[in-house]
Amino acid sequence: MTTHSNTPAGWYPDPHGAVRTLRYWDGTQWTEHTHADQQAQAPGQPPAQVPAQPAGPDPRVQRQVQQQAGVAASGAGGGTLFSEPVLVVNQKAKLIELTNEYTVMDQQGNQLGSVVQVGQSALRKVLRFVASIDQFLTHKLEIRDAYGQPVLLLTRPAKVFKSRVIVTRPDGQPVGEIAQQNVFGKINFGMTANGQQVGAIRAENWRAWNFAIVDHADNEVARITKTWEGLAKTLFTTADNYVLQIHYQLPEPLLSLVVATALTVDTALKQDSRGFG
């Protein structure tokens, strides 16, 4: 069944009526991929656990968005990774970073999802601890919704100087690619889908902390701003925090690529000092 809809890709209750079953919607049509709805309540079982959210707006997140990133408060979105105008991406603070982990929230501090590095062996973790060669190897990340279900998969193949990130749906359907275009100066990335460029990501300074995201016609559609996490975290942990501001509702696949971009920038640039180790 194909339906014209602005509903973002993701897992939803099966439209065919299967009990306690989720079916994957790819943004334009229902696919054949299903899995059990672990959040559904079966007879005799306690109610499903909904992700815990703060009782009210989190002032720390509001300060990060409004004061540090300079993003004015806006109306609430749809409550998902693909329907909020502002995404706050905070890396889990660690003294020693062996695995990339991020929390993704809305502008009020409500958790919308997470990003987790997957497929990392014990040997890879040891290698990351003792040497910097891990930055040149393949990295895989899962973007998950608030219920822990994957919504996008990011793969950065092994690289030397320039990074390339492949974005797919959980069912393997390709979304597009984000490819680094230069090594020196202000770093730029191109976003392509089906062999056509749909947008670009442009660093606004040589340190590649803030980025403007434009569409194929060179119109700015979103912006990434790195926010300062505080002196203690800066000196003693590896945490990086970003705010992604999407200016208006974007069509697919540009929307999914823009959401993926907030994580791609960190994976591609923050770890590897522009590819030179």
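Residues numbered from 1 in each chain as written. Predicted model: local features only at pLDDT ≥ 70, side-chain atom pairs only at ≥ 80, totals over all residues. Heavy atoms only, no water.

Our next topic: the overall build of the protein. Helix and strand counts for the protein come out as four helices and 15 strands. Per-residue burial over the protein gives 46% buried out of 277 residues. Summed over all atoms, the accessible surface of the protein reaches about 13700 Å², with 55% contributed by carbon and sulfur. (Helix = DSSP H or I, 4+ residues; strand = E, 2+ residues; numbered from the N terminus. Buried < 20%, exposed > 50% of the residue type's maximum accessible area, 1.4 Å probe, protein only. Areas by Shrake-Rupley, 256 points an atom, 1.4 Å probe, with all protein chains shown as cover.)

Here we come to empty space enclosed by the protein. Scanning the model with the defined rule gives two cavities of 30 Å³ or more in all. Space inside the second largest cavity adds up to approximately 30 Å³. Forming the walls of the second largest cavity are L81, L87, V89, V104, I143, L244, V259, A262 and L263. Elements represented by at least two residues in the lining of the second largest cavity include exactly β4 (86-91) and α4 (254-270). Of all the elements, α4 adds the most residues to the lining of the second largest cavity, at three residues. Looking at the lining of the second largest cavity residue by residue, the class counts come to nine nonpolar, no polar and no charged. (1 Å grid on protein atoms, 1.4 Å probe; cavity = no way out; pocket = protein on both sides within 12 Å on 5 of 7 lines; lining within 4 Å. Points joined across faces, edges and corners; volume = space filled by probe spheres on them. Nonpolar A, V, L, I, M, F, W, Y, C, P; charged D, E, K, R; others polar.)

Take the sheet that holds strand β1 (residues 10-13) next. An order of β1-β2-β3 is seen for the three strands of this open sheet, with the pairing classed as antiparallel. Looking at the sheet topology across the chains shown, the edges are occupied by β1 and β3 (30-36). Ignoring strand direction, the axes of neighbouring strands in this sheet form an average angle of 40°. The sheet contact formed by β1 and strand β2 (residues 21-25) spans four bridges and is antiparallel. Bridging across to β2, G10 finds its partner in W25. (Pairing = 2+ DSSP bridges. Axes fitted to C-alpha atoms, helices over the stretch in contact; angles between N-to-C directions.)

Before going further, it helps to examine the pattern of salt bridges. Following the criterion strictly, the structure yields seven salt bridges and no others. Ionic pairing is found between D218 and R202, a salt bridge with its closest N-O pair at 2.7 Å. In this pair, D218 sits in the loop between β13 (211-215) and β14 (220-227) while R202 sits in strand β12 (residues 196-203), placing the two residues 16 residues apart along the sequence. In this structure D218 comes out as partly exposed when scored by relative accessible area, which is 44%. (Salt bridge = Lys/Arg side-chain N within 4 Å of Asp/Glu carboxyl O.)

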